Each structure stands twice: as C-alpha cells, then as structure tokens.
Amino acid sequence: MGHQNFLKSLPYQKPFLFVDEILEINEVGVKGTYTFSENSDFYKGHFKDNPITPGVILTECCAQIGLVCLGVYLMQKATDFNLDDNNFQIGFSSSQMDFYKPVFPGEKVIVESKKIFFRFGKLKCGVKMYNTDRELLCKGELSGMLKVNKNA
Amino acid sequence: MNSEKYQKLKEIIALYLPEDVSVNDITEESHFINELNINSANLVDIILDVEDAFDIMLENEDMDQMQTVKSAVEIIETKLSNK
C-alpha cells in the first residue's frame, strides 16, 4: 500500500488535517511529517502579534499521525477492513503530553509513535515530535478507540 | 457470587468510575456502560486490569459478553477453571 494513498483515506481535511507524509509505518509504529502553514487561522489569535502553534494543535498532529494513521493500519492488518470504504469510527480517549520547545509558523515537524498496546479496539501509543534539527518538541502518551462499522 | 472475585473486580472498576458514580453504586447487576457510565475506552482498561489481576487472557467474545458486573465475574470464573 502506498503511504500517500493512505492519507486520502483519513477522515480529515483542511483546515484540520495535520499529516503531510507518512515516512514509515509497520506493526510497531509510525513516522510522519507535517509543516505548519504560516496562514493557519489560529496564529491570528495564539498569541496576539506573537504566533506560536498551540499545544492542542501539536497534540492533534501527534494524534493524527501517531494514533489514527497507526490505528487504521493495524485495523487493516487485523481484519478484512478496507479503509477506502470509510466505514470506521475513531474516538480520542486520553492524552498526557509534555511540551519542550515552541513551534513557530512554517516549521516542519516529524512525529514518531510507538505502539504500547492495541487490544479490544483501544490503541495506546507513546509519541514524540521533533523538529528537522532532531530537537524534541513534545512527547507523551495518547489513546483512542477504533471501530469498524461492519454493515457500512 | 464468589465474593472474593467480586470484591477484587469492584476495586478495579472503582478506578475508572466517572465522578457522578460512586463505588457504592456498584452492584452485581450493574451494567458497565449504561449504569456505571464507563466509556468503551475505560472498559478496555478494566479488562486489561482484570487480565493482570487474575492472570487470565480474555478474547473479543469475552468482552462482548461482559456487559454487567455479574457477567464479568462469571467469565473470570470460567477462565480460572479452564486454566
């Protein structure tokens, strides 16, 4: 499966898609990138005259790459589920994040995620976000629920 | 109902109760999702804790059957007797 094809199947679109590219994906983890557009609306308000990417957006970026992309991949492996049918539901159930450095408009980030467990539809991952100089920007643990709608 | 297993299960469930449900609300007949207001993500946490606490392995079918506290105890007993 081509990694770029994979992105089209995600249930997100602009202005709330925070994945540009999947570099690696396998049973134990995923690595992907995103470049924060300087024109993103949230920079107008966070903060006034001092644009910095909000922590919730960094968390969302980690979740889309680290949890949703990996989760969809693992669900495909585990079932005969075809993601082109968009017959799945996802829900974010918990997050614990620590933030180390600010992320400015236009910055490219690399998210790396490692599976902690995937059982009974719940995926828990350890995620880390780096900049292109390999400096740690944030890290944490995220969990979510994934469900295939059998009769979709 | 085996009270030792029931008590152990109750202690696990208590960790995941939302604020509007107290540990005293738990009865054998309690439905995890409808009555104890436990969401599906926390129900998985309870099942994983049950596996560790009783040293058993549960399958997807077991989770589907674990609707109430009583059905959970029954599944735990079946798994333990098959060990």
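Residue positions within a chain follow its written sequence, with the count starting from 1. Just so you know, chain letters begin at A and ligand numbers begin at 1, following the order they were written in. Totals for whole chains, interfaces and linings use every residue, but because this is a predicted model, local features are given only for residues with pLDDT of at least 70 and side-chain atom pairs only at 80 or more, for both listing and counting. Here the side-chain values reflect all heavy atoms present in the structure, with hydrogen atoms and water set aside.

On to the packing of helix H1 (residues 3–15) of chain B against helix H2 (residues 40–54) of chain B, then. How two helices pack is summed up by the angle between their axes together with the distance between the axes. Residue and element names in this part refer to chain B. Here the axes come from fitting lines to C-alpha atoms, over the contacting stretch only for helices, and the angles between their N-to-C directions go from 0 to 180 degrees. Only DSSP runs of H or I reaching four residues or more are called helices, and only runs of E reaching two or more are called strands; each is numbered from the N terminus. Two elements in contact, H1 and H2, have axes whose closest approach is 10 Å; the angle formed by their N-to-C orientations is 140 degrees. Judged on the interaxial angle alone, H2 and H1 are oblique. Here the hand of the crossing between H1 and H2 comes out right-handed. Across the interface between the two elements, Lys-5, Lys-8, Leu-9, Ile-12, Ile-13 and Leu-15 from H1 touch Ile-46, Asp-49, Val-50, Ala-53 and Phe-54 from H2. The residue classification treats Ala, Val, Leu, Ile, Met, Phe, Trp, Tyr, Cys and Pro as nonpolar and Asp, Glu, Lys and Arg as charged. All others, Gly included, are polar. Among the residues making up the contact of H1 with H2, the classes are represented as eight nonpolar, no polar and three charged. The labels follow the angle: roughly parallel below 35 degrees, roughly antiparallel above 145, roughly perpendicular from 65 to 115, and oblique for the rest. In this scheme the handedness of a crossing depends on how the near helix is turned from the far one: anticlockwise by less than a right angle means left-handed, clockwise means right-handed. Residue contacts follow a heavy-atom distance rule, with two residues in contact if any of their heavy atoms lie within 4.5 Å.

Salt bridges are identified by distance alone: a Lys or Arg side-chain nitrogen within 4 Å of an Asp or Glu carboxyl oxygen. One pass over the full model with this rule turns up eight salt bridges over all chains. The partner of Lys44(A) in a salt bridge is Asp41(A), with the nearest N and O atoms 2.6 Å apart. Grouping residues by exposure puts Lys44(A) and Asp41(A) together as exposed. Here Glu51(B) makes a salt bridge to Arg119(A), at a shortest N to O gap of 2.4 Å. With Glu51(B) in helix H2 and Arg119(A) in strand E4 (residues 108–119), the pair connects residues from two separate chains. With a 1.4 Å probe rolled over the protein chains alone, any residue whose accessible area is under 20% of its type maximum counts as buried; one over 50% counts as exposed, and the rest are partly exposed. Looking at Arg119(A), the relative accessible area reads 21%, which means it is partly exposed.

The next point concerns the packing of aromatic side chains. In this scheme Phe, Tyr and Trp rings, the latter by its six-membered ring, pair at centre separations within 6.5 Å, and the angle between planes marks the pair as stacked below 30 degrees, edge-to-face above 60, and tilted otherwise. This model, assessed by the stated rule, comprises five aromatic pairs over all chains. Between Phe18(A) and Phe36(A), the aromatic rings sit 6.3 Å apart at their centres with planes inclined by 35 degrees, giving tilted as the arrangement. Of this pair, Phe18(A) sits in the loop between helix H1 (3–8) and strand E1 (21–26) while Phe36(A) sits in the loop between strand E2 (29–35) and helix H2 (55–78), and the two are 18 residues apart along the sequence. The same class applies to Phe18(A) and to Phe36(A), which are both buried. Ring geometry for Tyr34(A) versus Phe36(A): centroids 4.9 Å apart, planes at 85 degrees, classification edge-to-face. The class of Tyr34(A) is buried, set by a relative accessible area of 9%. Any Lys NZ or Arg CZ found within 6 Å of a ring centre and within 35 degrees of that ring's normal is scored as a charge over the ring. Here the basic side chain of Lys8(B) rests over the ring of Phe54(B), its NZ or CZ set 4.6 Å away from the ring centre.

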